[in-house]
Amino acid sequence: MGSRRRVRRMVVGEAVYGWCFGHRHDRVRGYPGCSSTLTLWTPDNRARLRLVFRPTPDRAIADGYFDEGAAVRLWDREYLNLHEPGSARALLDEALARGLFPSTGLAEVDGWPLFDAVRPEGRQGGKPC
């Protein structure tokens, strides 16, 4: 059985990025205390960007009902699977366009605004990435 926190590689033009999905539980027990994360980094200087997806009343993450990498906007059922390379690439492209990727160290940001940018409202029935 392989690692659930599989490290993957993505090439964007001349740049190489590493990425992995994770699921974390804060000190709060139960669903409100968990989050799904997509961590992206540059292997040369280990600058890391961690996109954090926490459940809210109108957004859901993997909890046993959805598949493990799920991030879902409930009102229009837009969906990303954070395990999928296409989802990771779309979120990375948006983060880079917004200048969120740090030059060094770790930057931890809310992933939902990036989700909204890559999965615009009103596309019901669209194919998941």
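Sequence positions are assigned chain by chain, starting from 1 and proceeding in written order. Since the coordinates come from a predicted model, pLDDT governs what is reported: local features require at least 70, and pairs of side-chain atoms require 80 or more to be given and counted, while whole-chain, interface and lining totals use all residues. Here the side-chain values reflect all heavy atoms present in the structure, with hydrogen atoms and water set aside.

### Some thoughts on the packing of aromatic side chains
Put simply, the rule reads: Centre distance within 6.5 Å is the pairing criterion for rings of Phe, Tyr and Trp, where only the six-membered ring of Trp is used; planes under 30 degrees apart are then read as stacked, over 60 as edge-to-face, and the remainder as tilted. Only DSSP runs of H or I reaching four residues or more are called helices, and only runs of E reaching two or more are called strands; each is numbered from the N terminus. Burial here depends on accessible area, computed with a 1.4 Å probe over protein chains only, as a share of the maximum for the residue type. Under 20% is buried, over 50% is exposed, and the range in between is partly exposed.
All chains considered together, the criterion is met by three aromatic pairs. Taken together, a centroid distance of 5.5 Å and an interplanar angle of 75 degrees make the contact between Tyr17 and Phe101 edge-to-face. Of the two residues, Tyr17 sits in strand E2 (residues 15-25) while Phe101 sits in the loop between helix H1 (85-97) and strand E8 (106-110), which places them 84 residues apart along the sequence. Residue Phe101 is classed as buried on the basis of its relative accessible area of 15%. On the basis of an interplanar angle of 85 degrees and a centroid distance of 5.1 Å, the ring pair of Phe53 and Trp112 is categorised as edge-to-face. You can see Phe53 sitting in strand E4 (residues 48-53) and its partner Trp112 sitting in helix H2 (residues 112-118), a full 59 residues away along the chain. Given a relative accessible area of 0%, Phe53 falls into the buried group. The exposure class assigned to Trp112 is buried, which follows from its relative accessible area of 5%. Grouping aromatic residues by their ring pairs yields a cluster made of Phe53, Trp112 and Phe115.

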